[in-house]
Amino acid sequence: MAWPFISSMNPARDVLALSTTEADIKSVPVGGAVTLVWRGKPVFVRHRTAAEIESAVNVDLAELRDPQPDSARHKAGKAEWLVVIGVCTHLGCVPLGQKPTDPRGDFGGWFCPCHGSHYDTAGRIRKGPAPANLALPTYAFTTDTQLKIG
Ligand code: FES
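Residues numbered from 1 in each chain as written. Predicted model: local features only at pLDDT ≥ 70, side-chain atom pairs only at ≥ 80, totals over all residues. Heavy atoms only, no water.

Caption draft 1: Inspection of the sheet that holds strand S9 (residues 146-149) at higher detail. In spatial order, the strands read S1-S9-S8; together these three strands make up an open sheet with antiparallel pairing. Sheet topology places strand S1 (21-24) and strand S8 (139-141) at the edges, where each strand pairs with a single neighbour. Going across the sheet, the axis of each strand differs from the next one's by a mean of 15 degrees, ignoring polarity. In the sheet, S1 pairs with S9 via four bridges, with the strands oriented antiparallel. Bridging from a neighbouring strand, Asp24 pairs with Gln146 of S9. (Pairing = 2+ DSSP bridges. Helix = DSSP H or I, 4+ residues; strand = E, 2+ residues; numbered from the N terminus. Axes fitted to C-alpha atoms, helices over the stretch in contact; angles between N-to-C directions.)

Quick look at the structure:
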C-alpha cells in the first residue's frame, strides 16, 4: 500500500528537465518582451528602452514600498535586460504588460488587474496592494544574449 505514495515522491523526468531554462533572447526587440517558463512559473524578460532604464534609475528610493535601486534589479552591464518572475506578489496572479497591446500600469512596467497593482520598469511595486517587488530568479548570461535561468 505504501508503494503508490513513495512512487509519487520521485520527480517526473519532465519536471527535472525544467529545473533550468535556457533561451537566446537576441530576437527580442528593444521595447519588446518574451515570457519564458521556469519551474512552472512565467519569467518575464523585458528588453528595456533607454527611456525605461532612465525612469527606473531616476526614482527616489524613499518613495518605494520595497526600496531597491535599479542596479540591484539587473546584472551589471546589462541594464537593458530585466528578468523577473511574472507572479504578482499580492496573491499570485500573472500581471499584464508583456504584449505590446497590454496595459502596463501607471509606471510603465506591469499591471496586475486582479486587485490593481502597478509595477515600474524595474518590476518594483509602485501602487496597489502588492507588498513587494516582482521577485528575481537565479539567472546568468552564458553569452551576450543566451540566458540561463536556474
Ligand atoms: S494578485 Fe496582483 S493585485 Fe492581487
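Caption draft 2: Quick peek at the pairing of S9. As paired elements, S8 and S9 share three bridges and run antiparallel to each other. Its bridge partner being in S9, Tyr139 is matched across the sheet by Ile149. The antiparallel hairpin formed by S8 and S9 contains four residues in its connecting segment.

Honestly, it's all geometry; don't read function into it.
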